[in-house]
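This is what each chain is made of:
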Amino acid sequence: MKFNEIKNMVNESSNIVFFGGAGTSTESGIPDFRSADGLYNAGTDEVYTPEDILSRDFFMERTEEFYKFYRSKMIYPEARPNPAHEALVKLEQRGQLRAIITQNIDGLHQVAGSINVLELHGSVQRNRCMGCHTIYPLASIVESCVQVPICQRCGEIIKPDVVLYQESLDMDLLESAADYIKQADVLIVAGTSLTVQPAAGLIRLYEGRKFLLINKSATPMDGLANYIIPESIAKVLDALTAE
Ligand code: ZN
């Protein structure tokens, strides 16, 4: 199928659902931490994998070391939305895009101006006091003069509103994501390896025949896609939504 035919398919739809992963943000300069290997010295003589550090237990027991890693590897306050984020804003404003479902925690879809964004793994832009549940923006984590940010109201620790290992996903959000995908006319999946749950399971719920996969490398679900474009997500989405 030629690119123009895919473009027509997208332009004619008023029920597009976008499912994105880390690849959506790499062109904003945010690396995919899942593809980063190696061990990290979290401030002691012991070394840990990112999975060890980004776990609930580690956060609770070694909060200061958690924050040291989190600040250096997980937050990118200077990152700006790229043309992929902007193209999705355009589609939503035209009334064509029903929902963005993302595995990313950077919050760049909302920074770009998207409204209906389902963040399966939470967002670094929201941070919650573990005592009184007051919400703090990313800036209060970045600007905190102590390693572990503390609530100004009650003095408890502030925790990023991201889903850590050992924590469960928000079931209402998952259900809502499942409904959007089941009911979608066009499903666009981009920048995700589709190897981890819930991504793979969610994508299998799509029943249509307009599944467009934009990914530079092969995924285990390529066989399910109706169209595959192995190029830059920003470039492809920008071209698909161009006037
Ligand atoms: Zn508090």
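This text goes with the structure placed above it.
Residues numbered from 1 in each chain as written. Predicted model: local features only at pLDDT ≥ 70, side-chain atom pairs only at ≥ 80, totals over all residues. Heavy atoms only, no water.

(A) Inspection of the coordination of the zinc ion at higher detail. Taken together, the protein donors to the zinc ion comprise Cys129 (SG), Cys132 (SG), Cys151 (SG) and Cys154 (SG), at separations of 2.3 Å. Taken together, the four donor atoms surrounding the zinc ion define angles of 95 to 117° at the centre, an arrangement classified as tetrahedral. (Donors = N, O, S within 2.8 Å, 3.2 Å for Na, K, Ca; no water. Tetrahedral: all angles 85-135°; square planar, octahedral: opposite > 155°, others 65-115°.)

(B) Representation of the pairing of strand β4 (residues 97–102). Counting buried positions along β4 yields five of six residues, so the element is predominantly enclosed. Strand direction decides the pairing type here: strand β1 (residues 16–20) and β4, joined by five bridges, are parallel. Counted as the bridge partner of Gly20 is Thr102 from β4. Relative to strand β5 (residues 117–119), β4 runs parallel, the two being bridged by three bridges. If you follow Thr102 over to β5, its bridge partner there is Glu119. (Buried < 20%, exposed > 50% of the residue type's maximum accessible area, 1.4 Å probe, protein only. Helix = DSSP H or I, 4+ residues; strand = E, 2+ residues; numbered from the N terminus. Pairing = 2+ DSSP bridges.)

(C) Representation of the packing of helix α1 (residues 3–11) against helix α11 (residues 233–241) in the model. Look at α1 against α11: their axes get within 9 Å of each other, and the N-to-C directions meet at 70°. With respect to α11, the element α1 is oriented roughly perpendicular. Between α1 and α11 the crossing geometry is right-handed. The residues of α11 that touch α1, namely those facing Phe3, Ile6, Lys7, Val10 and Asn11, are Val236, Ala239 and Leu240. Among the residues making up the contact of α1 with α11, the classes are represented as six nonpolar, one polar and one charged. (Axes fitted to C-alpha atoms, helices over the stretch in contact; angles between N-to-C directions. Parallel < 35°, antiparallel > 145°, perpendicular 65-115°, else oblique. Left-handed = near helix turned anticlockwise from the far one by under 90°. Contact = heavy atoms within 4.5 Å. Nonpolar A, V, L, I, M, F, W, Y, C, P; charged D, E, K, R; others polar.)

Keep in mind that these numbers describe shape and distance, not what the molecule does.
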